[in-house]
Amino acid sequence: MAHIVVLGAGLGGVIMAYEMRDQLRKGDKLTVITKEEKYHFVPSNPWVAVNWRTREEVEIDLTRTFAKRKINFIPVAAKGVHPTENCVELENGQRVDYDFLIICTGPELAFDEIEGLGPNGYTQSICHVDHAQKASAAFKKFCENPGPIITGAVQGASCFGPAYEYTFILDTELRRKRIRDRVPMTFVTSEPYIGHLGLNGVGNTKGILEGEMRDHHIKWITNARVKKVEPGKMVVEELTDEGELRKVHELPFAYSMMLPAFRGIEPLRGVEGLVNPRGFVLIDKTQRNPTFRNIFSVGVCVAIPPIGPTPVPCGVPKTGFMIESMVTATALNIGELLRGKGAQHEATWNAVCLADFGDSGVVFVAQPQIPPRNVNWSASGRWVHRAKIAFETYFLRKMRRGESEPFYEKAALQALGIGKLKRVT
Ligand SMILES: Cc1cc2nc3c(=O)[nH]c(=O)nc-3n(C[C@H](O)[C@H](O)[C@H](O)COP(=O)(O)OP(=O)(O)OC[C@H]3O[C@@H](n4cnc5c(N)ncnc54)[C@H](O)[C@@H]3O)c2cc1C
């Protein structure tokens, strides 16, 4: 009988555990190892950061849900992964052996690559709920004495949607507080144009997002490389499309939130054959590591090359639906390997995203993610804000219940032609 270990229980890891549970044979064992006992719904962090949600409203006690699904749970961080020994070493000294390992450890946030960046420096973050809470406290203080705001995403970032979301959410909240007129806002991004999103745009995201920026009096700097951040000042180099230095900006700010670049977590970095130089897990089309064939990986921690060269490095975002497609392919592949068959399922990696702007929003669908696409669609409207709230409620409820994809969700996605699996051979 086999022991399957899921490492990391964020968005990818939790649904991975649920879907893997359904693929086990009698007697197989499933264990989840993760850093924190509670799951937090990361897409709600921009709301936590303006006090529209509390931490408790977006968290789930994993001990209870995993017990309900008969999944063994170890809430202790991994210190090392030893693929040649088929074992994960934990911070408490425990060693956990596996037959199959599924790495779902998300990103490590590379704030240290830019002087003064991040919650230990002078900018806020919304990447983790702890950061979002800190950002919310700083925002409350800011509102007592408003000034310029800088938001955006730095060089090497791959997660642009939440930077736009938080910018427009801040704008909405400032308007509600009637202090927007005292807050000049600037969006600073490594993207070559507004709406690129690391995906070379989806549908008309360039037009829609530029229009929204103009309508909301938000200035922007693209092709931007943040040189350093000092208290109340960000030094930004703006490059030309040819990659030459166009201008150095010294931007004053009273509040700032910048998305950092990501890299793989420390316990994975440097493991020969498992990860690339930035610590992202190498996988083939079936989510399987080419060197260590009993290791699979899903989520932000997988290595995906950029969509094309840009003057300032921009990564490809790994969004929720895309991660869910990686999960489904992985669960089916391991299920088949357990039964002596081959791993042949490929995830579509389709990107489907709802970006909330506080009172409206933008939705986009990219199928496949890399152009030319079969579906390349984006739209905006007030309904997107309501849809995102409904999605949050729905997602948290199914996570608490220990479900990944109820039959009605599958049917709805099928009806919309949005699939998770590319090819079933
Ligand atoms: C602010 C923000 C908003 C987003 N909003 C959206 C959205 O609206 N829609 C969308 O489609 N996508 C969104 N995304 C992108 C993506 O869906 C999320 O980042 C998602 O959480 C990624 O899931 P993951 O499982 O790869 O990583 P995570 O959810 O980050 O999970 C990683 C897990 O690994 C664990 N871990 C880390 N290190 C260790 C260790 N050493 N040992 C054990 N466990 C460890 C962590 O504790 C965590 O449980 C957003 C991203 C961000 C940052």
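The sections below set out a description of the structure shown in this document. (Residues numbered from 1 in each chain as written. Predicted model: local features only at pLDDT ≥ 70, side-chain atom pairs only at ≥ 80, totals over all residues. Heavy atoms only, no water.)

Overview of the nonpolar core
How we decide: Here, the term nonpolar core denotes a set of buried Ala, Val, Leu, Ile, Met, Phe, Trp, Tyr and Cys residues that are joined through side-chain atoms within 4.5 Å. Burial classification: accessible surface area is computed with a 1.4 Å probe over protein chains only, and a residue below 20% of its type maximum counts as buried, one above 50% as exposed, and the rest as partly exposed. The way it works is that DSSP assigns letters per residue, a run of H or I at least four long becomes a helix, a run of E at least two long becomes a strand, and they are numbered from the N terminus. The contact criterion used is simple: two residues touch if any of their non-hydrogen atoms lie within 4.5 Å.
Ile-4, Met-20, Tyr-39, Phe-66 and Leu-274 are the most contacted members of the largest nonpolar core, which has 115 residues in total. Considering every element that reaches this core, the biggest residue donor is helix 7 (residues 320–338), with eight residues. Contacts of Ile-4, omitting those with residues within four sequence positions, involve Met-20, Leu-24, Lys-29, Leu-30, Thr-31, Phe-100, Ile-102, Ile-334 and Leu-338. Within the second largest apolar cluster, 15 residues are counted, among which are Leu-117, Val-154, Val-236 and Met-258.

Focus: the site of the ligand
Spelled out, the test is: The criterion for a residue being near a molecule or strand is simple. One of its heavy atoms has to lie within 4 Å of it. We call two N or O atoms a polar contact when they sit within 3.5 Å, provided that within protein one can donate a hydrogen and the other can accept it, with sequence-adjacent residues counted only if both atoms are side-chain atoms. For accessible areas, the Shrake-Rupley method is used with a probe of radius 1.4 Å. Any residue's cover is judged against the shown protein chains and nothing else. Think of it as three bins: nonpolar holds Ala, Val, Leu, Ile, Met, Phe, Trp, Tyr, Cys and Pro, charged holds Asp, Glu, Lys and Arg, and polar takes everything else, Gly as well.
Gly-12, Ala-78, Val-300, Gly-320 and Lys-388 are the nearest of the 31 residues found near the ligand. A distance of 3.4 Å separates an oxygen atom of the ligand from a polar atom in the backbone of Thr-105. In the model, an oxygen atom of the ligand is placed 2.3 Å from a nitrogen or oxygen of the Lys-388 side chain. Protein burial of the ligand: of its 980 Å² of free accessible surface, 90% is covered by the chains. Going through the elements one at a time, helix 1 (11–21), helix 7 and strand 21 (351–356) are the ones with two or more residues in the shell around the ligand. Taken together, the residues of the shell around the ligand break down into 18 nonpolar, nine polar and four charged.

Structural notes on unusual backbone geometry
Going from Gln-367 to Pro-368, the amide bond is cis rather than trans, its omega being -10 degrees. Tracing the chain through its elements places Pro-368 in the loop between strand 22 (361–367) and strand 23 (375–380). Note the cis peptide between Pro-371 and Pro-372, where omega equals 0 degrees. Inspection of the secondary structure assignment puts Pro-372 in the loop between strand 22 and strand 23. Its identity as a non-glycine residue notwithstanding, His-217 has a phi of 55 degrees, on the positive side. Its location among the elements puts His-217 in the loop between helix 6 (205–215) and strand 13 (218–221). You will see that Gln-287, though not glycine, has its phi angle at about 75 degrees, which is positive.

Looking at the pairing of strand 6 (residues 78–82)
Rule in force here: When DSSP finds two or more bridges between two strands, those strands count as paired.
Judged from the four bridges that link them, strand 6 and strand 7 (residues 87–90) form a sheet pairing that is antiparallel. The residue of strand 7 that forms the bridge with Ala-78 is Leu-90.

Things to note about the pairing of strand 14 (residues 224–230)
Sheet analysis places strand 14 next to strand 15 (residues 233–239), joined by six bridges and oriented antiparallel. Its bridge partner being in strand 15, Val-229 is matched across the sheet by Met-234. As consecutive antiparallel partners, strand 14 and strand 15 are separated by two residues, and within that stretch Gly-232 has a phi angle of approximately 75 degrees, a positive value.

So, the sheet that holds strand 12 (residues 185–189)
Let me state the cut-off plainly: All axes are obtained by fitting lines to C-alpha atoms, using only the stretch in contact for helices, and the reported angles, taken between N-to-C directions, cover 0 to 180 degrees.
Reading across from one edge, 13-12-11-17 is the order of the four strands in this open sheet, with parallel pairing throughout. Each end of this open sheet is capped by a strand with a single partner; those strands are strand 13 and strand 17 (255–259). Between one strand axis and the next, the sheet turns by 15 degrees as a mean value, whatever way the strands run. Here strand 11 (residues 149–153) runs beside strand 17; their pairing, made up of five bridges, is parallel. Bridge assignment links Ile-149 to a residue of strand 17, and that residue is Tyr-255. Sheet strands touched by helix 5 (residues 161–176): strand 11, strand 12, strand 13 and strand 17. Its angle to strand 12, the strand with the most contacts, is close to 175 degrees.

A word on the packing of helix 4 (residues 129–144) against helix 5
To be explicit about the condition: The labels follow the angle: roughly parallel below 35 degrees, roughly antiparallel above 145, roughly perpendicular from 65 to 115, and oblique for the rest. It is the rotation of the near helix from the far one that decides the hand of a crossing: anticlockwise by less than a right angle makes it left-handed, clockwise makes it right-handed.
For the pair helix 4 and helix 5, interaxial distance at closest approach is 13 Å and the crossing angle is 40 degrees. With respect to their mutual orientation, helix 4 and helix 5 come out oblique. As for the relative orientation of helix 4 and helix 5, their crossing is right-handed in sense. Of the residues in helix 5, those in contact with Ala-135, Phe-139, Phe-142 and Cys-143 of helix 4 are Tyr-166, Leu-170, Glu-173 and Leu-174. Split into classes, the residues belonging to the contact of helix 4 with helix 5 amount to seven nonpolar, no polar and one charged.

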